[in-house]
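One-letter residues, chain by chain:
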Amino acid sequence: AKPAEPAKAKVLKAGADAAFAPFEFQDEKTKEYTGFDIDLIKAIGKQMGVEVEVQNINFDGLIPALEAGNIDVLISGMTITEERTKKVNFSKPYYRSGLSMVVKSDNNTLKSFKDLEGKNIAVQIGTTGANEAKKIKDAKVREFNNAPEAFMELKAGGVDAVVNDLPVNEYYIAKTGSKDAKIVGEPLNAEEYGIATAKKNTELAEKINKALEELKKNGEYEKIYMKWFGK
Ligand code: ARG
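Only a predicted model underlies this, so the values are computations on that prediction, with no experimental measurement involved.

What counts as what
- Residues numbered from 1 in each chain as written.
- Predicted model: local features only at pLDDT ≥ 70, side-chain atom pairs only at ≥ 80, totals over all residues.
- Heavy atoms only, no water.
- Core = buried A, V, L, I, M, F, W, Y, C linked by side-chain atoms within 4.5 Å.
- Buried < 20%, exposed > 50% of the residue type's maximum accessible area, 1.4 Å probe, protein only.
- Helix = DSSP H or I, 4+ residues; strand = E, 2+ residues; numbered from the N terminus.
- Domains from an automatic or database assignment.
- Contact = heavy atoms within 4.5 Å.
- Arc of directions from axis to C-beta.
- Phe/Tyr/Trp six-rings, centres within 6.5 Å; stacked < 30°, edge-to-face > 60°.
- Lys, Arg positive; Asp, Glu negative; His and termini not counted.
- Salt bridge = Lys/Arg side-chain N within 4 Å of Asp/Glu carboxyl O.
- Pairing = 2+ DSSP bridges.

**Remarks on the nonpolar core**
- Residues Phe36, Leu40, Ile41, Ile44 and Tyr94 are the most contacted members of the largest nonpolar core, which totals 42 residues.
- A total of six residues in this core trace back to one element, the largest contributor, which is helix 1 (residues 36–48).
- Each of domain 1 (11–95 + 192–229) and domain 2 (99–184) accounts for three or more of the residues forming this core.
- If we skip the residues at most four places from it in the chain, isoleucine 41 touches Leu12, Ala14, Val52, Val73, Ile75 and Ile195.

What follows is the structure, encoded as structure tokens:
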């Protein structure tokens with residue numbers, strides 16, 4: 001008889017657009033995917049007894065990848081919206097966010113979202129930021145594949161502002177030492193992030209909610225939160 005094979009740990013394939021620090025990004029040295037979302041989904045996997053494998057996928061390709069069954073879950077700073085809820089199941093909210101605007105440090109004319117009328121705005125394609133920017137009267141909205149590209153365009157002077165998630169804007173500015181850019185005005189809205197699973201995979205959605213709840217109870221969520229957002 002053949003020797004029994006060791007039981008293989010089940011794998012949970014998680015998709016993320018890993019250019020959205022501090023939620024998901026590639027560590028420059030180790031090249032590993034890291035961030036708040038990555039730690040959270042790994043902790044959820046551990047809770048469920050499965051191994052988590054992260055796949056880097058463009059933000060606008062994440063829901064299609066989930067629908068095609070190429071990934072099991074997606075965690076990518078994705079805001080729970082009505083429109084997306086038609087296509088995927090979202091977990092209970094795991095992070096409170098909102099949109100803010102970033103301008104060049106030496107810009108003293110753009111002070112709030114009201115001032116963006118008729119201006120050139122950079123956003124990431126497929127995001128809530130893109131949707132909201134398009135509602136601004138006469139604004140010319142340019143869509144980039146990821147947030148760093150939108151910030152680069154601002155730095156290069158190609159646009160007047162970037163509309164993007166507040167915690168990501170804050171992290172970007174902290175990292176660049178606020179030399180090139182600054183956040184102005186109040187956040188435009190309040191949004192909540194959720195972990196998405198395929199519509200038909202309700203069993204997995206339940207397991208994720210359960211694990212999330214457990215991590216909130218046992219202090220693990222708090223630990224991960226403090227690691228990335230603690231002052
Ligand atoms: N919260 C925004 C949205 O859901 C932006 C998320 C972008 N995430 C990313 N990993 N690039 O549309």
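**With respect to the environment of glycine 15**
- For glycine 15, the position within the fold is in strand 1 (residues 11–16).
- As a C-alpha pair, glycine 15 and leucine 62 span 47 residues in sequence and 6.6 Å in three-dimensional space.
- Residues in contact with glycine 15, not counting those within four places in the same chain, are Gln55, Ile57, Leu62, Ile71, Val73, Leu74 and Ile75.

**Points about the environment of valine 11**
- Considering the arrangement of structural elements, one finds valine 11 in strand 1.
- Not counting the four nearest positions on each side in its chain, valine 11 is found in contact with Glu51, Glu53 and Asp72.

**Details of unusual backbone geometry**
- Backbone torsion omega between alanine 21 and proline 22 reads 5°, so that peptide bond is classified as cis.
- Position of proline 22 among the secondary structure elements: in the loop between strand 2 (19–20) and strand 3 (24–26).
- Even without being a glycine, lysine 31 presents a positive backbone phi close to 70°.
- You can see lysine 31 is positioned in the loop between strand 3 and strand 4 (33–34).
- For lysine 31, a relative accessible area of 54% translates into the label exposed.
- Phi at aspartate 138 takes a positive value of approximately 60°, unusual for a residue other than glycine.
- Following the sequence through the fold, aspartate 138 ends up in the loop between helix 4 (128–134) and strand 11 (140–144).

**Side note on helix 8 (residues 220–229)**
- Burial in helix 8 covers these residues: Tyr221, Ile224, Trp228 and Phe229. In an axial view of helix 8, the angular spread of the buried residues amounts to 105°, which keeps them on one side of the axis. Opposite its buried face, helix 8 presents the exposed residues Lys223 and Lys227, each directed more than 90 degrees away.
- As for helix 8, its buried residues are in contact with strand 3, strand 4, helix 1, strand 8 (95–97), helix 6 (166–175) and helix 7 (202–217).

**Focus on the packing of aromatic side chains**
- A complete count under the given rule lists 19 aromatic pairs for this structure.
- When the ring of phenylalanine 23 is compared with that of phenylalanine 36, the centres are 6.1 Å apart and the planes differ by 90°; the resulting orientation is edge-to-face. Taken together, the residues phenylalanine 23 in the loop between strand 2 and strand 3 and phenylalanine 36 in helix 1 connect sequence positions 13 residues apart. Note on accessibility: phenylalanine 23 and phenylalanine 36 belong to one class, buried.
- A ring pair is formed by tyrosine 94 and tyrosine 193, whose centres lie 6.1 Å apart and whose planes are at 55°; its orientation type is tilted.

**Let's talk about the side chain of aspartate 37**
- Mapped onto the secondary structure, aspartate 37 falls in helix 1.
- No salt bridge forms around the buried aspartate 37; measuring N to O, its nearest opposite-charge neighbour arginine 84 is 11 Å away.
- Not counting the four nearest positions on each side in its chain, aspartate 37 is found in contact with Phe23, Glu24, Ile75, Ser76, Gly77 and Tyr94.

**Digging into the sheet that holds strand 3**
- Here we have three strands laid out as an open sheet, ordered 2-3-4, and antiparallel in their pairing. Where the open sheet ends on each side, the last strands, each with one partner, are strand 2 and strand 4.
- Of the pairings in the sheet, the one linking strand 3 to strand 4 comprises two bridges and is antiparallel in character. Looking at the pairing, phenylalanine 25 lines up with threonine 34 of strand 4.

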